[in-house]
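Understanding the architecture of this molecule
So the chains spell out like this:
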Amino acid sequence: MKLQPYTLSLLLLLLVSAPVMSTEDQRAYPRPVEPLNEAGDEQLNCRQLEQRLSQLEGRSYSAKPGFYEDPYTGASIWIGSLWVPGALSYLGYSAVAEYQENDRLHHTQSRIEGLRRMKANLRCHE
């Protein structure tokens, strides 16, 4: 079986852009959100917890468009199918970028959940 040149370039791009993860961090699918606390969180008062939560809220949104909303995806499919097959390599890059973005969001949501639980334990809303 002979691989096409654009297939080799796509495979190379996927291997190069793949995130380097330790063996304990490797996972194919995200885990459920688990509360994540950091060292020193136990000493925070209600006001400091609220400040940390407001900082994290801004990082809990993704600016990466989805597959169907991304104009570069349509352009790479169109150009790749008609003229330059190597343009399809953008699809691999987009998938890796989306995985990394989802992983970042998962970590941020875990941190927010941990701080919210700490606020609840301190009864900050009373």
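In what follows, the accompanying structure is described. (Residues numbered from 1 in each chain as written. Predicted model: local features only at pLDDT ≥ 70, side-chain atom pairs only at ≥ 80, totals over all residues. Heavy atoms only, no water.)

A few words on the nonpolar core. If you look at the biggest cluster of nonpolar residues, it comprises seven residues: Leu44, Leu49, Leu53, Leu56, Ile112, Leu115 and Met118. Listed by contribution, the elements that provide at least two residues to this core are helix 2 (46–57) and helix 4 (89–122). Apart from the residues within four sequence positions on either side, methionine 118 is in contact with Asn37, Asp41, Glu42 and Leu49. (Core = buried A, V, L, I, M, F, W, Y, C linked by side-chain atoms within 4.5 Å. Buried < 20%, exposed > 50% of the residue type's maximum accessible area, 1.4 Å probe, protein only. Helix = DSSP H or I, 4+ residues; strand = E, 2+ residues; numbered from the N terminus. Contact = heavy atoms within 4.5 Å.)

Moving on, we come to the state of the cysteines. Taken as a whole and assessed by the stated rule, the structure comprises one disulfide. Here cysteine 46 is linked by a disulfide to cysteine 124, with a sulfur-sulfur distance of 2.0 Å. Taking the torsion about the S-S bond as the criterion, the cysteine 46 to cysteine 124 disulfide, at about -85°, is left-handed. Of this pair, cysteine 46 sits in helix 2 while cysteine 124 is found in the segment after helix 4, placing the two residues 78 residues apart along the sequence. (Disulfide = S-S within 2.5 Å.)

With that settled, consider the packing of aromatic side chains. Taken as a whole and assessed by the stated rule, the structure comprises four aromatic pairs. Ring centres of tyrosine 72 and tyrosine 90 lie 6.1 Å apart, and the angle between their planes is 65°; this geometry places the pair in the edge-to-face category. Note that tyrosine 72 is positioned in helix 3 (residues 71–82) and tyrosine 90 in helix 4, a separation of 18 residues in sequence. Using a relative accessible area of 22% as the deciding quantity, one classes tyrosine 90 as partly exposed. Ring pairing ties together the aromatic residues Tyr72, Tyr90 and Tyr93, which thus form one cluster. (Phe/Tyr/Trp six-rings, centres within 6.5 Å; stacked < 30°, edge-to-face > 60°.)

The next point concerns the environment of glutamate 38. Along the chain, glutamate 38 turns up in the loop between helix 1 (5–17) and helix 2. Under the relative-accessibility criterion, glutamate 38 is labelled partly exposed at 40%. Sequence separation between glutamate 38 and leucine 115 is 77 residues, and the spatial gap between their C-alpha atoms is 9.6 Å.

Glancing now at the packing of helix 3 against helix 4. One can describe the packing of helix 3 onto helix 4 by two numbers: an axis separation of 8 Å at closest approach and a directional angle of 150°. When the axis of helix 3 is compared with that of helix 4, the two are roughly antiparallel. Seen from helix 3, the contacting residues are Tyr72, Thr73, Ser76 and Ile77; seen from helix 4, they are Tyr90, Leu91 and Ser94. The class makeup of the residues in the contact of helix 3 with helix 4 is four nonpolar, three polar and no charged. (Axes fitted to C-alpha atoms, helices over the stretch in contact; angles between N-to-C directions. Parallel < 35°, antiparallel > 145°, perpendicular 65-115°, else oblique. Nonpolar A, V, L, I, M, F, W, Y, C, P; charged D, E, K, R; others polar.)

Even without being glycine, arginine 123 reaches a positive phi, approximately 55°. Among the secondary structure elements, arginine 123 is positioned in the segment after helix 4.

Mapping serine 94 onto the fold places it in helix 4. Among residues more than four places away in sequence, those in contact with serine 94 are Lys64, Asp70 and Thr73.

In short, geometric facts, not functional conclusions.
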